[in-house]
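What follows is the residue order along each chain.
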Amino acid sequence: MNTGSLNAADRISQLPDDIIYLILSFLSTPEVVRLSVLSREWRQACATFPLSEFYSPSFADYFDGGCFIFVIFVYKSLLRQCLQYRNIPKFQFSFTKELCRPYVYSEHLPLPWDLDRLITRSIELGTHNGVKELSIHFSIPGYYKLPEAMLSVKELVVCSLGGCIFNGAAINWPSLRELSLNNVQFSDQRFIDNLFLTCPLIEEFALVECSGLKYLQLSGLRKLKKVTVKSGYSHLEKIEIDVVSLHTFSYYEIRNLKTDIDLTSCKNLEVFKLNVHSITEELIQHVNSNFPALKVLVLHGYSLLLHRIKISIPLLEKLKIIVSHMSVEEAIINTPRLRSFKCVMHKIGQSFFSLNQTSLQEVTFELLAAFNYIKHGENFEVFRGYLKNFNQIKLVNLIICVHSSSVIHKIVRRPVSNSGLLDIIHVKLEVFTRERESHALINDLFRISRPRSLSLVSGCGKNDEFMTILCKKLLRMEKRKQDGAATYQNCWQHELEGVKIQICGRNGSYNKVLTCDVFFDSLQELEPKQKIRFLFEW
């Protein structure tokens with residue numbers, strides 16, 4: 001063994017502690033623990049390095065003894081830092097069921113007394129010296145009560161809690177800016193009712209699948225800008241926010257239980273995201289009349305069954321509508337500053353959105369339907385007529401999720417011409433078909449369009465088999481042209497003049513260009529997730 005190489009490799013150990021700490025700061029806590037076995041110097045450096053992130057699944061390979069060993073390690077690490085008078089500005093503690101063997105915990109079976117006390121003491125140590133960012137999460141909600149000492153941390157700025165219980169004790173976080181509560185169980189309403197007194201500087205607030213609250217009322221929080229609410233199994237009957245400074249509000253409904261939402265005082269609201277079972281006319285009228293400063297509107301629902309909808313918001317720039325079942329006879333969108341519009345539906349309706357196109361730059365239309373549904377007859381004519389509404393728009397993203405043969409992920413289309421074809425320029429495919437369906441898909445795709453390029457990714461779905469079938473078809477066509485037997489069953493074969501294939505290199509550019517026969521011979525050598533692009537000359 002070369003002694004010189006060992007000495008060179010151990011030069012890092014001779015670096016000053018500040019430099020070593022900087023190196024360790026880029027590693028996870030288990031990786032820091034692993035480095036401690038390299039040498040005495042590294043063991044000393046790791047022992048004095050201020051650990052602050054403790055995520056139990058990442059320790060599963062290091063602590064076969066289960067949860068007690070993990071929590072003891074956390075406790076000793078934090079105790080050592082406190083004895084060294086080190087500040088812990090950021091403390092993360094995640095306790096998941098992976099380390100709970102041989103114990104099984106639930107909200108009806110609390111932690112063993114000694115383990116509960118050890119966790120409490122660890123959290124008290126972690127929040128003792130000037131903590132500013134705090135994250136404490138338990139994978140099984142509703143069985144751990146936060147220690148009272150943690151509820152009064154005056155330096156705390158960012159706080160994220162999960163799986164905990166608030167038993168009504170008052171909190172005092174006067175410097176808090178961001179608060180996220182996930183699967184938290186409340187014993188009463190006092191925590192929310194006193195929020196503006198205990199956290200007057202809060203700017204972002206998230207309440208995700210929490211229980212024990214019947215209503216959410218936020219007022220007096222002059223700096224509040226963003227609120228996110230996701231209902232859980234405990235029904236939240238009412239949300240009332242009286243904050244003029246509110247910028248963003250998001251609400252996600254899990255069950256079909258109506259929540260009364262009152263944001264009438266939030267006149268400066270700019271982003272409104274709503275995920276509910278039914279999008280009603282009353283809801284749309286409420287948005288039109290109460291949020292004059294709105295710039296982003298996202299409506300996500302199971303059904304939109306209305307005679308007429310009209311969205312008229314002067315400053316709206318981005319609109320996204322996602323519905324499984326839509327039935328609307330008339331849909332008018334009168335938003336002079338609208339720049340981006342996206343609509344997701346499961347079938348083509350008889351009437352489409354009428355858009356004010358003065359400022360519209362991008363439209364995304366996602367259709368979850370069989371390819372045959374839009375390929376033939378009246379449905380195809382309706383679909384083509386809908387696309388003609390976007391003639392003046394610079395970019396149209398068309399996403400067709402095909403249940404019967406394939407999934408066309410993204411089609412970027414220029415304005416439709418007067419011919420009978422859709423003027424589709426670029427097609428990206430991910431194929432999930434059998435051999436016979438792939439033959440049909442090729443003919444169907446070229447029957448309705450003459451794309452300049454077709455992109456696929458190797459190893460995804462049935463893409464490799466599809467490329468093989470496509471190459472065989474193209475090579476047969478080329479051979480028939482050379483033999484002078486240029487009679488084709490499909491008209492698109494008459495118009496196709498040439499094909500080249502590009503393979504994307506590791507640098508992200510399509511530099512390598514192949515002929516169809518050379519590419520066909522190299523199909524077996526393609527690496528997974530390699531980007532392939534067919535270039536067509538018509």
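This is a predicted model, so every value here is computed, not measured. Note on numbering: residues in each chain are counted from 1, in written sequence order. Only residues with pLDDT of at least 70 get local features here, since the model is predicted, and only at 80 or more are side-chain atom pairs given and counted; chain-wide, interface and lining totals rely on the full set of residues. Side-chain numbers here rest on the full set of heavy atoms in the structure, without hydrogens or water.

Overview of the pairing of strand β12 (residues 238-242)
Convention followed: Summary of the burial criterion: residues with accessible area below 20% of their type's maximum are buried, those above 50% are exposed, and those between are partly exposed, where the area comes from a 1.4 Å probe applied to protein chains only. We count a stretch as a helix when DSSP gives it H or I for four or more residues in a row; a strand needs E for two or more, and each element gets its number in order from the N terminus. Paired strands, as defined in this entry, are two strands with at least two bridges between them according to DSSP.
Only one face of β12 is buried, namely the one carrying Ile 239 and Ile 241, since none of Lys 238, Glu 240 and Asp 242 on the opposite face is buried. In this sheet, β12 lies alongside strand β10 (residues 215-219) in parallel orientation, the contact comprising 5 bridges. Paired with Leu 216 across the strands is Ile 239, a residue of β12.

Topic: the packing of aromatic side chains
The test is simple: To pair, rings of Phe, Tyr and Trp, with the six-membered ring standing in for Trp, must have centres within 6.5 Å; the planes then decide the type, stacked if under 30 degrees apart, edge-to-face if over 60, and tilted in the middle.
Scanning the entire structure with this criterion turns up 13 aromatic pairs. Their ring planes at 85° and their centres at 5.7 Å tell us that Phe 519 and Phe 534 sit as a pair that is edge-to-face. Note that Phe 519 is positioned in helix α15 (residues 516-521) and Phe 534 in strand β27 (residues 531-537), a separation of 15 residues in sequence. The rings of Phe 446, Trp 492, Phe 519, Phe 534, Phe 536 and Trp 538 are connected pair by pair, giving a single aromatic cluster.

As for the pattern of salt bridges
The following threshold applies: By salt bridge we mean one thing: a side-chain nitrogen of Lys or Arg within 4 Å of a carboxyl oxygen of Asp or Glu.
Inspection of every chain in the model, using the stated rule, returns 5 salt bridges. For Arg 190, the salt bridge identified is with Asp 188, shortest N-O distance 2.8 Å. A relative accessible area of 44% places Arg 190 in the partly exposed class. What makes Asp 188 partly exposed here is its relative accessible area of 24%. Residues Lys 230 and Glu 209 are paired through a salt bridge, measuring 3.6 Å at the closest nitrogen-oxygen approach. In this pair, Lys 230 is assigned in strand β11 (residues 226-230) and Glu 209 in the loop between β9 (204-208) and β10, connecting sequence segments 21 residues apart.

Quick word on the state of the cysteines
In protein structure, a disulfide is the covalent linkage between the sulfur atoms of two cysteines. Defined as follows: The rule for a disulfide is simple: a pair of cysteine sulfur atoms within 2.5 Å.
Applying the stated rule across the entire model yields 0 disulfides. Sulfur of Cys 516: no disulfide; nearest cysteine sulfur belongs to Cys 471 and is 4.1 Å away.

Overview of the packing of helix α12 (residues 435-448) against helix α13 (residues 463-483)
Basically, it comes down to this: Only C-alpha atoms enter the line fits that serve as axes; for helices the fit covers just the stretch in contact. Angles between N-to-C directions range over 0 to 180 degrees. Should an angle fall under 35 degrees it is called roughly parallel, over 145 degrees roughly antiparallel, and 65 to 115 degrees roughly perpendicular, with every other angle called oblique. What makes a crossing left-handed is the near helix being turned counterclockwise from the far one by less than a right angle; a clockwise turn instead makes it right-handed. Contacts were defined at the residue level, with two residues in contact if any of their heavy atoms lie within 4.5 Å. Residues are grouped as follows: Ala, Val, Leu, Ile, Met, Phe, Trp, Tyr, Cys and Pro are nonpolar; Asp, Glu, Lys and Arg are charged; all remaining types, including Gly, are polar.
With their axes 10 Å apart at the nearest point, α12 and α13 run at an angle of 60° to one another. With respect to α13, the axis of α12 lies oblique. Along this stretch, α12 crosses α13, giving a crossing that reads as right-handed. Mapping the contact onto sequence places Glu 435, Ser 438, His 439, Leu 441, Ile 442, Asn 443 and Phe 446 in α12 and Phe 466, Ile 469, Leu 470, Lys 473 and Arg 476 in α13. For the contact of α12 with α13, the per-class residue count stands at 6 nonpolar, 3 polar and 3 charged.

Let's talk about the sheet that holds β12
Through backbone hydrogen bonds, the strands of a sheet pair up, either in parallel or in antiparallel fashion. Overall, parallel pairing links the 3 strands, which are arranged β10-β12-β14 in an open sheet. With one partner strand each, in any of the chains shown, β10 and β14 (260-262) form the two edges of the open sheet. Taken over all neighbouring pairs, the strand axes of this sheet differ in orientation by 0° on average, direction set aside.

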